[in-house]
Amino acid sequence: MMEQLSMELTLQNLLNFLTDHCICVFTTENQMSVYQLYGNLYEKFPIKDKELIASGFPRVSDFMDDYYKITADLYHHQRNFLGYQIDDDYSGYLDIKERLERERDLISSPKEYKRNYYSLFNMTAAGFFFIGKPTGENITIGTFDKCNNMYLKKIYENIICIYLMLERYLGFFPQITLQVYMSDADRILFLQDKENEQGYDYSKQERSGLTKRDSFFQNMRIPRQNWNDIHVDYIYYPLKEKYHL
């Protein structure tokens, strides 16, 4: 893409390109990287009620709540663990963080917790990243199968939680394409076959009548009419051979 834009391939141009196109390849739950990612999304994505938020109008915002929480985490880490002298006072965000954590502690179901409180921190920790800015309601997300152990549960539970997170942040259900980069062609065929296998309802001890793919959507209580909002592409990409890793 940089070549198509006639950009010289330098480190600074690469970093600018990644930022401008919201391409995030952080794969660790680092407070600074997630904080920067929230800032990038605020600038590049159609965040719900952005004009009201920018005007200072008091408005409940899931996006800003999570943004304030990661800001508080970063402030606490830099000041108390790294010993940084920080001129700006973000201590007020600690109250927001504590309120959110009290609310979340009231939810006992791990599934409901993920449905309602999955954040960019969780997305990054799971190894998922944005590939480019939204095009209308279309958003592309990627992940690498770094250890050749990708499985459907990780793919679908995370991408469905990301889908619900983006609905909270944007105010609409996006159309998501997930690109799963894998170095094992046989593993790709295996996962594609698994998607289309008939699922099993263990509580009723019978076939569920759904494919394994569709079972994930049902288990997460996604309305059936939204099941096709998420499309998964498995892409053969022999990373180790290509770069002699």
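The notes below deal with the structure included here. All values reported here derive from a predicted model rather than from experimental measurement.

1. Focus on the pattern of salt bridges
Phase 1 of the analysis: Within the structure shown, the criterion is met by 13 salt bridges.
Phase 2 of the analysis: Between Arg221 and Glu112 there is a salt bridge, and its shortest N-O distance comes to 2.4 Å. Of this pair, Arg221 sits in the loop between helix H10 (212–219) and strand E6 (230–236) while Glu112 sits in helix H6 (residues 110–117), and the two are 109 residues apart along the sequence.
Phase 3 of the analysis: Since its relative accessible area comes to 22%, Glu112 is described here as partly exposed.
Phase 4 of the analysis: Its salt-bridge partner being Lys114, residue Glu157 comes within 3.8 Å of it at the nearest N-O pair. Taken together, the residues Glu157 in helix H8 (residues 152–170) and Lys114 in helix H6 connect sequence positions 43 residues apart.
Phase 5 of the analysis: Connected through shared salt-bridge partners, Asp65, Arg99 and Glu103 make up one network.

2. Examining a nonpolar patch on the surface
Phase 1 of the analysis: On the surface, a nonpolar cluster with roughly 410 Å² of combined accessible area is contributed by Leu9, Leu11, Leu14 and Leu15.
Phase 2 of the analysis: With respect to the secondary-structure elements, Leu9 resides in the segment before helix H1 (11–20).

3. Description of the nonpolar core
Phase 1 of the analysis: Ranked by internal contacts, the top residues of the largest apolar core, which has 48 residues, are Leu120, Phe130, Ile141 and Tyr234.
Phase 2 of the analysis: Per element, the largest residue contribution to this core is 13 residues, and it comes from H8.
Phase 3 of the analysis: When near neighbours in sequence (up to four residues on either side) are disregarded, Leu120 contacts Val34, Leu37, Tyr38, Leu41, Phe130, Met165 and Tyr169.

4. Focus on the pairing of strand E3 (residues 175–182)
Phase 1 of the analysis: In terms of residue burial, E3 counts as a mostly covered element, since six of its eight residues are buried.
Phase 2 of the analysis: In the sheet, strand E2 (residues 138–144) pairs with E3 via seven bridges, with the strands oriented parallel. Looking across to E3, one finds that Ile139 is bridged to Ile176.
Phase 3 of the analysis: Handedness of the E2-H8-E3 crossover: right-handed.
Phase 4 of the analysis: By the bridge criterion, seven bridges tie E3 to E6 in an arrangement that is parallel. Bridged to Leu178 within E6 is Val232.

5. A closer look at the side chain of Thr124
Phase 1 of the analysis: Relative to the helices and strands, Thr124 is located in helix H7 (residues 120–125).
Phase 2 of the analysis: Within the structure, Thr124 has its side chain in polar contact with the backbone oxygen of Leu120 (distance 2.9 Å).

6. Topic: the packing of aromatic side chains
Phase 1 of the analysis: Taken as a whole, this structure holds 17 aromatic pairs when the rule is applied.
Phase 2 of the analysis: Ring geometry for Phe129 and Phe144: centres 5.6 Å apart, planes at 25°, overall stacked. You can see Phe129 sitting in strand E1 (residues 128–130) and its partner Phe144 sitting in strand E2, a full 15 residues away along the chain.
Phase 3 of the analysis: Feature note: the residues Tyr35, Tyr38, Tyr42, Phe63, Tyr67 and Tyr169 constitute an aromatic cluster, connected by ring pairs.

7. What about the environment of Ser61?
Phase 1 of the analysis: Turning to its location among the elements, Ser61 is positioned in the loop between helix H3 (50–54) and helix H4 (62–81).
Phase 2 of the analysis: The spacing of Ser61 and Leu170 is 109 residues in sequence and 10.0 Å in space, taken between C-alpha atoms.
Phase 3 of the analysis: Within the structure, Ser61 has its side chain in polar contact with the backbone nitrogen of Met64 (distance 3.1 Å).

8. Some remarks on unusual backbone geometry
Phase 1 of the analysis: Phi is positive for Asp49, close to 60°, though the residue is something other than glycine.
Phase 2 of the analysis: Tracing the backbone shows Asp49 in the loop between helix H2 (31–44) and H3.
Phase 3 of the analysis: Note on Asp49: relative accessible area 22%, which makes it partly exposed.
Phase 4 of the analysis: With phi around 60°, Arg221 is a residue other than glycine that occupies positive phi space.

9. Structural notes on the sheet that holds E2
Sheet strands pair via backbone hydrogen bonds, and the direction of the pair is either parallel or antiparallel.
Phase 1 of the analysis: Pairing is mixed in the open sheet, where four strands are placed in the order E1-E2-E3-E6. Every interior strand has two partners, whereas the edge strands, E1 and E6, have only one. Neighbour-to-neighbour, the strand axes of the sheet open up by a mean angle of 25°, direction not taken into account.

Cut-off values and rules
- Residues numbered from 1 in each chain as written.
- Predicted model: local features only at pLDDT ≥ 70, side-chain atom pairs only at ≥ 80, totals over all residues.
- Heavy atoms only, no water.
- Salt bridge = Lys/Arg side-chain N within 4 Å of Asp/Glu carboxyl O.
- Helix = DSSP H or I, 4+ residues; strand = E, 2+ residues; numbered from the N terminus.
- Buried < 20%, exposed > 50% of the residue type's maximum accessible area, 1.4 Å probe, protein only.
- Patch = residues over 30% accessible without salt bridge, like charges linked within 9 Å, V, L, I, M, F, W, Y side chains within 5 Å.
- Areas by Shrake-Rupley, 256 points an atom, 1.4 Å probe, with all protein chains shown as cover.
- Core = buried A, V, L, I, M, F, W, Y, C linked by side-chain atoms within 4.5 Å.
- Contact = heavy atoms within 4.5 Å.
- Pairing = 2+ DSSP bridges.
- Right-handed = clockwise from strand over helix to strand, strands pointing away.
- Polar contact = N/O pair within 3.5 Å; in protein donor to acceptor, adjacent residues only side chain to side chain.
- Phe/Tyr/Trp six-rings, centres within 6.5 Å; stacked < 30°, edge-to-face > 60°.
- Axes fitted to C-alpha atoms, helices over the stretch in contact; angles between N-to-C directions.

Everything listed here is a matter of geometry and, on its own, says nothing about what the molecule does.
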